[in-house]
Amino acid sequence: MMTTEILRQAMLKYTHQIIALVCIGIGLALGLQYGASNHAIYVPPGIRLADPSYLAHDWWATQVHHYHWAFFLLVAGLKTAGFLPWGLALGNVLCVALSMWMVWLIVCQVEVKQPAPIWGILAYVFLITKGMPSVAGSYLFSSYLQASNLSTAATMVALYAFIQHRLVATSIFLGIAGIFHANFLILNGALFGLVHFFQNAPLSLTSRSKWRNWLFETAWILGPTAIIIGISMPLILSISQTELGPNEAALAQNILFDLAGPWHYKPTTFLVDFFDLAGWQLLGMTWTWLAIPHNHSRRFWLTIQGVLIVLIWTATALTTVVFIEQVSRFFVWRLAPFSMLIALLLFLCGAMRALHEPLPNFRTRVSVIGLSFLALVLVAGVIQYHGSILSFQGAKILSIPLILLSALTIKWFLPHFWLTCRQLRPLVFSPLVAAMVLIGFGGATFLTLYSFDRYNLLFNTLVPLQKDELYRWVRTHSPSDAQFVIPPLQMEKFRLLAERAIVVDFKNRPLSASHLLEWYHRMEAITGTKNPKTQKELIDGYSQIDEVRLETLRKKYGITHAVLPRSSREHPLVGWTSVFENTAYRVLASPNKNPQQITKKPAIENFRARVDSF
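Conventions used here
Residues numbered from 1 in each chain as written. Predicted model: local features only at pLDDT ≥ 70, side-chain atom pairs only at ≥ 80, totals over all residues. Heavy atoms only, no water. Helix = DSSP H or I, 4+ residues; strand = E, 2+ residues; numbered from the N terminus. Buried < 20%, exposed > 50% of the residue type's maximum accessible area, 1.4 Å probe, protein only. Contact = heavy atoms within 4.5 Å. Expected span 1.5 Å × (residues − 1). Salt bridge = Lys/Arg side-chain N within 4 Å of Asp/Glu carboxyl O. Phe/Tyr/Trp six-rings, centres within 6.5 Å; stacked < 30°, edge-to-face > 60°. Lys NZ or Arg CZ within 6 Å of the ring centre and 35° of its normal. Pairing = 2+ DSSP bridges. pLDDT = per-residue confidence, 0-100. Patch = residues over 30% accessible without salt bridge, like charges linked within 9 Å, V, L, I, M, F, W, Y side chains within 5 Å. Areas by Shrake-Rupley, 256 points an atom, 1.4 Å probe, with all protein chains shown as cover. Axes fitted to C-alpha atoms, helices over the stretch in contact; angles between N-to-C directions. Parallel < 35°, antiparallel > 145°, perpendicular 65-115°, else oblique. Nonpolar A, V, L, I, M, F, W, Y, C, P; charged D, E, K, R; others polar. Polar contact = N/O pair within 3.5 Å; in protein donor to acceptor, adjacent residues only side chain to side chain.

Broken down by element type, the protein chain carries 28 helices and five strands. Going through the 614 residues of the protein chain one by one, you find that 50% of them count as buried. Relative to all contacts within the protein chain whose residues are 6 or more apart in sequence, the contacts with residues 24 or more apart total 68%.

To continue, consider helix α7 (residues 115–128). For α7, built from 14 residues, the straight-helix expectation of 20 Å at 1.5 Å per residue is met to within 8% by its first-to-last C-alpha distance of 20 Å. Judged by how many residues are buried, α7 sits mostly within the fold: 11 of 14 residues are covered. Of the residues making up α7, those classed as buried are P115, I118, W119, I121, L122, A123, Y124, V125, F126, L127 and I128. Once α7 finishes, K130 follows within two positions and takes phi at roughly 60°, a positive value.

In this section: the pattern of salt bridges. Applying the stated criterion across every chain yields a total of nine salt bridges. A salt bridge links R495 to D58; the shortest N-O distance between them is 2.9 Å. Taken together, the residues R495 in helix α24 (residues 494–498) and D58 in the loop between α3 (39–50) and α4 (59–63) connect sequence positions 437 residues apart. This pair shows no difference in class: R495 is buried, exactly as D58 is. A salt bridge links E581 to R566; its shortest N-O distance comes to 3.6 Å. A residue pair is termed long-range when its members are at least 10 positions apart, and E581 in strand β4 (residues 577–581) and R566 in the loop between β3 (561–565) and β4 qualify at 15 residues. On the accessibility criterion, E581 (34% relative accessible area) is partly exposed. Within the structure, one salt-bridge network assembled from shared partners comprises D58, R495 and D505.

In this section: the packing of aromatic side chains. According to the stated counting rule, one finds 26 aromatic pairs in the structure shown. With centroids separated by 5.9 Å and ring planes inclined at 85°, the aromatic side chains of Y471 and F494 adopt a geometry described as edge-to-face. Of the two residues, Y471 is situated in helix α23 (residues 462–477) and F494 in helix α24; the sequence distance between them amounts to 23 residues. The same class applies to Y471 as to F494, namely buried. Linked through ring pairs, F257, Y265, F270, F274, W313, F323, F331 and W333 together constitute an aromatic cluster. One residue, R365, lies across the ring of F413, its end atom 5.9 Å from the ring centre.

Here S478 is to be found in the loop between α23 and β1 (483–485). Not counting the four nearest positions on each side in its chain, S478 is found in contact with W473, F484, R500 and H561.

With that out of the way, let us pick up the sheet that holds strand β5 (residues 585–589). Strands pair in a sheet through their backbones, by hydrogen bonds, and they do so in one of two ways: parallel or antiparallel. Overall, mixed pairing links the five strands, which are arranged β2-β1-β3-β5-β4 in an open sheet. Where the open sheet ends on each side, the last strands, each with one partner, are β2 (501–502) and β4. Here β1 runs beside β3; their pairing, made up of two bridges, is parallel. Residue F484 lies in a different strand from β3, and its bridge partner there is H561.

This paragraph deals with the confidence of the model for the protein chain. Scored by pLDDT, the protein chain comes out at a mean of 84, with 85% of its residues at no less than 70. The least confident element of the protein chain is helix α28 (residues 603–613), whose mean pLDDT is 37; the most confident is helix α8 (residues 147–163), at 96. When the criterion is pLDDT under 50, residues 594–614 qualifies, and its contacts beyond four places in sequence or with other chains add up to 33 contacts.

Bringing a nonpolar patch on the surface into the picture now. Together, L49, W69, L73, I227 and I231 give the surface a local cluster of nonpolar side chains, amounting to about 510 Å² of exposed area. The set of elements that each furnish at least two residues to the nonpolar patch consists of α5 (69–80) and α11 (208–240). Within the element layout of this structure, W69 appears in helix α5. Taking relative accessible area as the criterion, W69 reaches 32% and is therefore assigned partly exposed.

Further remarks concern the packing of helix α2 (residues 15–29) against α7. Between α2 and α7, the least distance of the axes is 11 Å, while the angle of their chain directions is 5°. Taken together, α2 and α7 sit at an angle that is classed as roughly parallel. Taking contact as the criterion, the partners of I19, V22, C23, I26 and A29 in α2 are, on α7, W119, A123, F126 and L127. Residue composition of the contact of α2 with α7, by class: nine nonpolar, no polar and no charged.

Judged by relative accessible area, D58 falls into the buried class, the value being 0%. Among the polar contacts listed, one links the side chain of D58 to the backbone nitrogen of W60, at a separation of 3.0 Å. A distance of 2.9 Å separates a polar atom in the side chain of D58 from a polar atom in the side chain of R495. Leave out the neighbours within four places in its chain, and D58 touches R495, A501 and I502.

Below is the structure:
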C-alpha cells in the first residue's frame with residue numbers, strides 16, 4: 001500500500017509533466033517520415049519555390065494549379081535552410097503532441113475526477129486507430145507532415161480557446177488552419193460560426209445591445225477566416241473555372257469521381273462506413289447528459305455535436321440522394337474524425353462520472369445502456385464488414401467501451417455484485433497489474449504501428465529499398481532534363497525522391513477540369529488503354545508496354561527513359577538499352593541517348609550487406 005500511495009502522489013504532483021512527455025511520445029510513435037504518400041503531392045511545389053530548376057521539365061509540376069500555398073512556403077523555407085526532411089518529420093511530432101495536449105486540457109475542462117485515465121484511453125484509441133480515421137479516408141493525423149496535419153493542430157488549439165471563450169486566440173488559430181488548407185478554411189468557418197450562433201445569439205430580436213455584442217464577437221472569431229477566403233479566392237476560382245464544353249466538363253467530372261478518387265469524393269462507394277460514424281455520434285449524444293453536469297457547458301457540447309451531425313449528414317445526403325459536385329469537393333467529411341473524437345471524449349467522461357456517482361433513475365439507466373450497446377453494434381458491424389470483430393485490431397477498438405459499459409451495467413443493475421467487485425479494487429489497481437496492462441497495451445500499439453514495410457528517417461526496410469535504390473540511381477546517373485515514363489500506380493514518390501520529370505502518375509492528379517482531362521489522356525497514352533475505368537486496367541495496360549508504344553511516347557512527350565517492373569516483360573525491347581536493374585525494376589534508355597550500360601547489385605544483396613555490417 002505504501003508503494004501504491006507513493007506512486008499515486010507522484011502522479012498527482014507531476015501529472016502535467018508526464019502528460020506532456022507522453023504527448024511527445026505519441027508524436028514520435030507515428031514515425032519520423034519523409035517522402036511518404038501525400039508528400040509526393042505537397043512537397044515538390046514547395047521545393048520549386050526554393051529551386052526553380054527542380055522538375056523544370058515536368059508537366060504536373062510546371063503547368064498544374066497547386067493550391068496549398070502556405071505549406072509550399074513552409075517547404076521552401078525548410079529547403080533553403082537545408083533542413084527539409086527532418087523539419088517535416090519533427091514538425092509532425094510537434095503537431096501531434098500539441099493536439100494531444102489540447103485534448104488533455106479539454107478533458108480537464110469537463111471537470112471529471114480522474115482526467116488522466118480518460119485522456120490515456122483517448123490517446124490509446126488514437127494510436128491503435130492510427131489517427132482516428134473515419135469516412136471518405138478522413139483522419140485527424142497521418143504519420144507524416146502535410147497541410148491537413150497543420151490545420152488539424154491549429155483547429156484543436158482553436159477549439160480549446162473557443163471553449164475558454166478566448167475569441168482572439170480562436171480567430172488566430174482558425175486563420176492558421178485556413179491558411180494551410182482550403183477545406184479547413186470553409187468548414188471551420190461554418191462549424192465555429194454555427195456553434196457560436198446557436199450558443200450565444202440573443203433570443204430576443206429587440207435586444208440591440210446584445211445583438212451588437214454578438215456580431216462583434218462573431219467578427220472577432222471569423223474575421224481572419226473571411227480575410228483569408230478573400231486572399232485565396234483567385235486561386236480557388238482558377239481551379240474551379242473552366243472553358244471546357246459541356247461534354248468535356250462531364251467527362252472530367254466522371255474521371256474525378258469514378259476513377260481518380262471515388263473513395264474520397266463519392267460516398268456511394270463507402271456507405272457502410274457511415275454506420276461506424278453514426279455509432280460514435282449516437283454514443284456521444286447519449287452520454288453528454290451524464291458527462292456534463294452544468295447546463296451551460298452541456299448546451300455547448302450538445303450544440304457542437306449537433307452542428308457536426310447536421311453538416312456531415314447534409315453533405316452526405318447531397319452526394320448520395322442527389323449528387324452535387326461542389327458539395328463533394330468541399331469534402332465536409334473532414335469533420336468526421338473530430339466528431340468521433342468529441343463523441344468518444346464525452347462517452348469516457350460520462351462513464352467515469354457514472355462509476356463514481358449515485359445511480360440515475362431506472363428509465364435513464366435503461367435508455368443509456370440500450371442506446372450505448374446499439375451504438376457499439378453499429379461500430380462492430382462495420383468492423384466485421386472490413387475484417388472481423390474477433391481480430392486483434394477489432395478487439396482493441398471495441399474492448400474499452402465494452403469493458404466500461406459492462407462495469408456500468410453491473411453497477412446499475414447488479415448492485416450487490418458491484419459491491420463485491422469494489423472490494424477487489426486494491427488488487428486490480430495494484431502497480432504490478434497496472435504495469436502489466438501498460439506493457440500489454442504498449443506492445444500491442446507498437447506492433448500495430450511499426451509493421452515491417454514502414455519507412456522513416458531512422459530506418460529502412462526491404463520493401464521500399466528496391467524503389468529507393470532506383471530513385472538514387474535516377475537522381476545521380478540520369479540527366480537533369482530527362483523525361484521518364486513510369487508505372488502509373490507503383491512509384492508515387494518518383495518526382496520527389498528521383499527528382500526527374502515524368503509523363504504522368506496516378507497519385508498526382510489535378511483538380512481543375514482541363515488539367516484533369518490532360519492527366520487522363522496522358523494516362524491513356526502510357527497504358528495503351530482507351531477510356532479506362534479502373535486502376536486494374538491501368539496496371540495491366542502498362543505491363544504490356546512495347547517498342548511501338550515507347551516510340552509513340554518518345555515522339556509525343558519526349559521521353560528519354562522508361563521504368564518497367566521486372567515481372568512485366570523479361571525480354572529486351574528492341575532499340576532500348578537497359579541501363580539499370582535490380583530485383584524489382586529495370587530502366588531502359590532511349591536509343592537516341594546512347595547511354596552507358598551500368599550494372600547494379602540486386603537490392604536484396606545490398607540489404608543483406610547492410611545487415612551484415614551491423
